[in-house]
Amino acid sequence: MFLLDAPYVSDLMLKTVERLKQPVLDIPGARKFTEGRDIELVDNIEFAARLAVGQRVLSNSENALAHIFDCGCYDELVKQIDICKDKALFRETVTDLHPDYAFKRVRPEDMDTIDISDMPVPFVVKPARGFFSLGVHVVNDHAQWPEVVQTIRDEREKMNAEYPEAVVNAGEFLIEEGIEGDEYAIDVYYDENGEPVITNILFHHFVSDDDISDRLYYTSTRIIRNWLEPFTEYTAQLGKVCGFRNFPMHLEVRVDEQGHIQPIEANPLRFAGWCVADITIHAWGFNPYEYFFENKRPDWSGLLAEHKGEVTVMVIGDVPSGVEKSSITSVDYEGFQSMFSNVLELRKIDYSEYPVFGFAFARMDQDSLQELKQTLTTDFARFLTTK
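The rules behind these values
Residues numbered from 1 in each chain as written. Predicted model: local features only at pLDDT ≥ 70, side-chain atom pairs only at ≥ 80, totals over all residues. Heavy atoms only, no water. Helix = DSSP H or I, 4+ residues; strand = E, 2+ residues; numbered from the N terminus. Rg over C-alpha atoms; globule rule 2.2 N^0.38 Å. Buried < 20%, exposed > 50% of the residue type's maximum accessible area, 1.4 Å probe, protein only. Contact = heavy atoms within 4.5 Å. Pairing = 2+ DSSP bridges. Axes fitted to C-alpha atoms, helices over the stretch in contact; angles between N-to-C directions. Phe/Tyr/Trp six-rings, centres within 6.5 Å; stacked < 30°, edge-to-face > 60°. Lys NZ or Arg CZ within 6 Å of the ring centre and 35° of its normal. Core = buried A, V, L, I, M, F, W, Y, C linked by side-chain atoms within 4.5 Å.

**Quick notes on the overall build of the chain**
Piece 1. Of regular secondary structure, the chain possesses 13 helices and 18 strands.
Piece 2. Against the globule reference of 21 Å for 387 residues, the chain gives a C-alpha radius of gyration of 21 Å, in line with a compact fold.
Piece 3. Over its C-alpha atoms, taken along the principal directions, the chain stretches across nearly 55 × 50 × 45 Å.
Piece 4. Across the 387 residues of the chain, 54% fall into the buried class.
Piece 5. If you take every contact in the chain between residues at least 6 apart in sequence, the share linking residues at least 24 apart comes to 66%.

**A look at the sheet that holds strand S11 (residues 216-220)**
Piece 1. Strand order in the open sheet formed by 8 strands is S13-S12-S9-S10-S11-S14-S17-S16, with antiparallel pairing between adjacent strands. On the outer flanks of this sheet lie strand S13 (261-268) and strand S16 (343-348), each paired with one strand and no other. Sheet twist, expressed as the mean angle between neighbouring strand axes with direction ignored, is 20°.
Piece 2. Note: strand S9 (residues 182-190) against strand S12 (residues 247-255), 9 bridges, orientation antiparallel. Bridge pairing in S12 links Asp187 to His250.
Piece 3. Contacts from helix H5 (residues 75-85) reach S12 and S13, with the element oriented near 20° to S12.
Piece 4. Where helix H8 (residues 221-242) meets the sheet, it contacts S9, strand S10 (196-205), S11, S12 and S13, and its direction lies at approximately 120° from that of S10.

**So, the environment of Arg31**
Piece 1. Here Arg31 lies in helix H2 (residues 28-34).
Piece 2. Once residues within four sequence positions are removed from consideration, Arg31 is found in contact with Asp26 and Leu41.

**With respect to the packing of aromatic side chains**
Piece 1. Enumeration according to the criterion identifies 25 aromatic pairs in this entry.
Piece 2. Between Trp227 and Phe231, the ring centres sit 5.0 Å apart and the planes meet at 20°, which makes this aromatic pair stacked. Of this pair, Trp227 and Phe231 both sit in helix H8, 4 residues apart, which is roughly one turn of that helix. Just as Trp227 is buried, Phe231 falls in that class too.
Piece 3. Ring plane angle 45° and centroid distance 5.6 Å describe the contact between Phe380 and Phe383, whose orientation is recorded as tilted. The same class applies to Phe380 and to Phe383, which are both buried.
Piece 4. Members of the aromatic cluster, each reached through a chain of ring pairs, are Tyr333, Phe336, Phe340, Phe357, Phe380 and Phe383.
Piece 5. Its guanidinium or amino end placed over the ring of Phe380, Arg215 lies 4.0 Å from that ring's centre, counting from NZ or CZ.

**As for the side chain of Arg50**
Piece 1. Here Arg50 is to be found in helix H3 (residues 44-52).
Piece 2. Given the relative accessible area of 18%, Arg50 is considered buried.
Piece 3. If near-sequence neighbours (up to four positions away) are discounted, Arg50 is found in contact with Met1, Pro23, Glu40, Val42 and Gln55.

**Description of the nonpolar core**
Piece 1. In this structure, Phe47, Phe231, Val313 and Phe357 are the most contacted members of the largest nonpolar core, which totals 110 residues.
Piece 2. Of all hydrophobic cores here, the second largest spans 13 residues; its members include Ile116, Met119, Val139 and Val149.

Here it is, written out as structure tokens:
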């Protein structure tokens, strides 16, 4: 079954729903995206009943998770989701895998009095539940703490007014040690025995040390060859302590210079957001959504030989922070595409509603990737016409 909601459902995902004849929970967002398609919508009662007999479920968006909690669904699934969405609970659950990692759970009213002197700097404070780096602050010196606490207080009301409570819950915060190293995003599902099946690994490139954007992700034969085995071993350990079964997940990790893997966060019931998981079919030729529902495993040995030397990238066309979305009159999509020689897909996004104007998927070699990284050091205001 599928949970479909804003902000975006790709044509690939919708066609997969139709081809597999998977039902979709009947919610307003799902009605909008499935209109005119041969897709069955089911109510909360039917959806919960199907979950109870073991049917799998996949979502496209964090926004849809609230409906799982509202429909009185399968308790075991709710427990697995909660381990991921409550970042403090997630840290507590994986403590045995990372016994030396420092973190604290704190209520907003206790932030003035909590002792943070034992936290190694830099450390991060963020809502126990959150996405898109909302409410996330880096503390580089203990003396900054009072200022950060005041900033958080100012943000709380705005955050809770703009986003669903199940997505951003400002009731509790997590203080955690900063995580150094290269960042990877792993699309993985756990089968009925709790064994992990990795469907893709993306490297998250940052243009500078202080960059926190999601502008560039890419996968390649080199990345899969180097990291498939260690990430499979790690996700197996993670799944065991968290009790994951029949469960898709988008896991973000960092790997330090010694090769130690540390999770950043686990995003439940979905692969890469905004249907960026479609990059898998562009890069490797198989449908990750289909593989989850049909319990298939990628033949990575054959795929690596078939796609030797290839790199597949995804670039988000983000609206620069200094540009008001309401002031944008047009986007130069031709110019945006000109950054790539082999565009596989261009998605145009409603920039009046979201802080992005598009997503581009492209294939290239390692030399072209290095050139692209240099191009991305400047913002995308050059592609926008404003009033």
